[in-house]
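Listed below, chain by chain, are the residues.
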Amino acid sequence: ENKKIEGIKLVQCEEHDWTDTAFEKVKKLRILILRNTNLSCRTIPLPEQLRLLDWKGYPSNSIPSNLKKIVAFSLRHSPLMLEEPFQNFKHLTYMNFSHCESITHFPSVSEARSLRKLILNGCKNLVSFDESVGDLPNLTYLRASKCTKLRKFPSRICLPSLEHLSFNWCRRLGLFPDIVGKMDKPLKICLKATVIQELPDSLVDLVGLRYLDLTSCEKLGYLPSSLFMLPNFVTLKVGGCPQLGGSFARFRESLSTTAECRPSLETLHFSHASLCDEDLQVIMQSFPNLEVLNVSSNNFVSIPACIQESSYLTSLDLSCCLKLQEIPELPSSVRKVDVRHCNSLSANTTSMLWSQVSREINKLQVVMPTSNTKIPEWWDHRTSWKRGRPQDLNFKARGKFPVVALAFVFGEMNYQSVGLHLSIESGDVSSAYQPSHNFTVAENHVLLCDLRLWFSDEEWKRLDAHVEHGNTWKTVEVRCVPDIIPVHWGVYVYKKETSMKDIQFQESEFVDGLYSEQISNWKKSAEELAIASFSESLKTVVKNLKRLMAPREEEQSICLMQQDEDEDEEGESDMEA
């Protein structure tokens, strides 16, 4: 039957008696997938008819030259050296050599003109690419992240089909190539943590550029004004690039006032950049179409009043701006405000944020410190955690699901992501909904959220249907996931949407002084724990102090590393497909 076999897949196969004639009889073999194999034979001739070779841990240091019909290679975690150019591979469209640590130079692909996808993530000794890589008419995807010794990429590129280019964490790569010819495909470029100092003026030819990530490029000192005027450019991430403030000022000076020439930028991440009040005003005035703005961990004291003109803005991240005091009234389009660790906020600002959450038109979510903050008396329900008797926030509703805002005040806790789980109970029927968003909170912070933000219009209709069923009182419960007990929580009812006759709260007493008493008791408990197990507690204290001192950096680092870990596995899923 060997003559009929066209595909073989082996997973976790350990054979020590394979010979160089192992595939001699399967002459029609077109697909060969080997994963987690342990073969003693280092050289195994492969059938000439092979189209796809996916061999994780391929044992040889070279690719067989007889595979003239091959379409796709995936030879990750192999001892390949790639000392010879890719000749006679005119059908080749896909190559993945990730984590092949013996590769120091990627050779010529001038005779592999059909190549569409090239992946070399984690090739730690890769230093350079052949210039021919910059002249592949069909290349759509090129990723070489975490190649920590990479210094040289082609100085000029003409890649008209390119849609994705990534050199994240290539910490020695300092030159971005000149662009030759128009590149109008939707394009995403990722260059996190490289040592690139500037981008070429020829960037104007990247007509299709939509996304550019230069996070933590600390030496980057210049962005050409032409970048911001690219017609499809909507996302820029330059967090951790402290020398770039001047680029925005220069761009503002050259900006045309006509609507036709306004930049299309919608998302800007510019954290850890030492921005002052003037820099922030330039940004707000220069990009009227901004929807997402992250300027966390900066030095400004106030948000300019012109933010009220940002009618498209939906998300504003100001976390860890330690000097921030004043925030003006925000446009009604804003849905999310993050002011974690902004401990200098004025009482007027915190009062304004509470007020904006209570406006039915806003649909707003806010995370902010609890200093100078209590759940206002004009909220419809306020209650406190009672020692020895943990309880969830719950209320009863009838008719329709009530339109409300929730407030949760958190005491001592680790810096972490918290989900809120909502359930509706009616007799023996129980329906539970998990919100699509988690909230990153820290100790001594308050979370305010309009419940309508959790659900789509269709999901809200289903909530209404559960409460309407039987026209009886239904119990609604909200709890934190994981099980974290807030110090206080409260509910505000939007009266234009929900009648107070259709919602009931449990009777409770709210004592304003209880919060400080609970904090004091918890500190005593922590001291007792430290006495009982000093060594373990000290480690925890040091860890938490580091998180509090640099919470944003830790969160950003974890997110970036997780993204890159996901990137490494992408090639495998591609080949499986």
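Residues numbered from 1 in each chain as written. Predicted model: local features only at pLDDT ≥ 70, side-chain atom pairs only at ≥ 80, totals over all residues. Heavy atoms only, no water.

This next bit is on helix H5 (residues 457-468). In this model H5 runs 16 Å from its N-terminal to its C-terminal C-alpha over twelve residues, within 8% of the 16 Å that 1.5 Å per residue would give. Taken as a whole, H5 has its buried residues at Trp460, Leu463, Asp464 and Val467. Mapping the buried residues of H5 onto a view down its axis gives an arc of 100 degrees, with all of them on the same face. (Helix = DSSP H or I, 4+ residues; strand = E, 2+ residues; numbered from the N terminus. Expected span 1.5 Å × (residues − 1). Buried < 20%, exposed > 50% of the residue type's maximum accessible area, 1.4 Å probe, protein only. Arc of directions from axis to C-beta.)

Ranked by size, the top nonpolar core spans 155 residues in total, and within it Phe97, Phe106, Phe129 and Phe167 carry the most contacts. Of the residues forming this core, the biggest block, seven residues, is contributed by strand E25 (residues 404-410). Once residues within four sequence positions are removed from consideration, Phe97 is found in contact with Ile63, Leu75, Leu80, Leu82, Phe86, Ile103, Phe106, Ile119, Leu120 and Cys123. Within the second largest apolar cluster, six residues are counted, among which are Ile33, Leu52, Ala72 and Ile119. (Core = buried A, V, L, I, M, F, W, Y, C linked by side-chain atoms within 4.5 Å. Contact = heavy atoms within 4.5 Å.)

Next up on the list: empty space enclosed by the protein. In the structure shown here, the tally under the stated rule is one cavity of 30 Å³ or more. Approximately 30 Å³ is the volume attributed to the largest cavity. Forming the boundary of the largest cavity are Leu165, Phe167, Leu173, Leu175, Phe176, Pro177, Leu191 and Ile196. When the residues that make up the lining of the largest cavity are grouped by side-chain class, the tally is eight nonpolar, no polar and no charged. (1 Å grid on protein atoms, 1.4 Å probe; cavity = no way out; pocket = protein on both sides within 12 Å on 5 of 7 lines; lining within 4 Å. Points joined across faces, edges and corners; volume = space filled by probe spheres on them. Nonpolar A, V, L, I, M, F, W, Y, C, P; charged D, E, K, R; others polar.)

Our next topic: the packing of aromatic side chains. The way to describe two aromatic rings as a pair is by their centre distance and the angle between their planes. Going through the model one piece at a time under the given rule, you end up with 20 aromatic pairs. When the ring of Trp55 is compared with that of Tyr58, the centres are 5.3 Å apart and the planes differ by 80 degrees; the resulting orientation is edge-to-face. A relative accessible area of 4% means that Tyr58 is categorised as buried. Both rings, one in Phe129 and one in Phe153, keep their centres 5.3 Å apart while their planes meet at 75 degrees; by these two values the pair is edge-to-face. You can see Phe129 sitting in strand E10 (residues 128-129) and its partner Phe153 sitting in the loop between strand E11 (141-143) and strand E12 (156-157), a full 24 residues away along the chain. In this structure Phe129 comes out as buried when scored by relative accessible area, which is 1%. For Phe153, a relative accessible area of 5% corresponds to the buried category. Within the aromatic cluster, the residues linked to one another by ring pairs are Phe73, Phe86, Phe89, Phe97, Phe106, Phe129, Phe153 and Phe167. Its guanidinium or amino end placed over the ring of Tyr141, Lys117 lies 4.4 Å from that ring's centre, counting from NZ or CZ. In this arrangement the basic side chain of Lys495 is found over the ring face of Tyr492, its NZ or CZ atom lying 4.3 Å from the centre. (Phe/Tyr/Trp six-rings, centres within 6.5 Å; stacked < 30°, edge-to-face > 60°. Lys NZ or Arg CZ within 6 Å of the ring centre and 35° of its normal.)

Within helix H4 (residues 347-357), burial applies to Thr349, Thr350, Met352, Leu353, Trp354, Gln356 and Val357. Contact partners of the buried residues in H4: strand E22 (365-369), E25 and strand E29 (445-450).

For Ser161, the location among the structural elements is in the loop between E12 and strand E13 (164-166). Within polar-contact distance, the side chain of Ser161 engages the backbone oxygen of Pro137 at 2.7 Å. In contact with Ser161, not counting residues within four places along its chain, are Pro137, Asn138, Leu139, Thr140 and Lys185. (Polar contact = N/O pair within 3.5 Å; in protein donor to acceptor, adjacent residues only side chain to side chain.)

Taking burial as the measure, the five residues of strand E24 (residues 393-397) include four buried ones, the bulk of the element. Pairing geometry for E24 and strand E32 (residues 503-505), over three bridges, is antiparallel. Looking at E32, one finds that Phe395 is bridged to Phe505. (Pairing = 2+ DSSP bridges.)

Across a regular strand the side chains alternate sides, sitting on one face of the sheet and then on the other. Alternating residues of strand E5 (residues 52-55) divide into Leu52 and Asp54 and Leu53 and Trp55, and every residue in both groups is buried. Taken together, the four bridges between strand E3 (residues 31-35) and E5 define a ladder with parallel strand orientation. Across the sheet, the residue bridging to Leu32 is Leu53, located in E5. Of the pairings in the sheet, the one linking E5 to strand E6 (residues 72-74) comprises three bridges and is parallel in character.

Now for the pattern of salt bridges. Across all of its chains, the model carries eleven salt bridges by this definition. Asp205 is the salt-bridge partner of Lys182, the closest N and O atoms lying 3.4 Å from each other. Placement of the pair is Lys182 in the loop between strand E14 (178-179) and strand E15 (187-190) and Asp205 in the loop between E15 and strand E16 (209-213), with a sequence separation of 23 residues. A salt bridge links Asp213 to Lys192; the nearest nitrogen and oxygen atoms lie 4.0 Å apart. Taken together, the positions of Asp213 in strand E16 and Lys192 in the loop between E15 and E16 put the pair 21 residues apart, joining distant regions of the chain. There is no split in this pair, since Asp213 and Lys192 are both buried. (Salt bridge = Lys/Arg side-chain N within 4 Å of Asp/Glu carboxyl O.)

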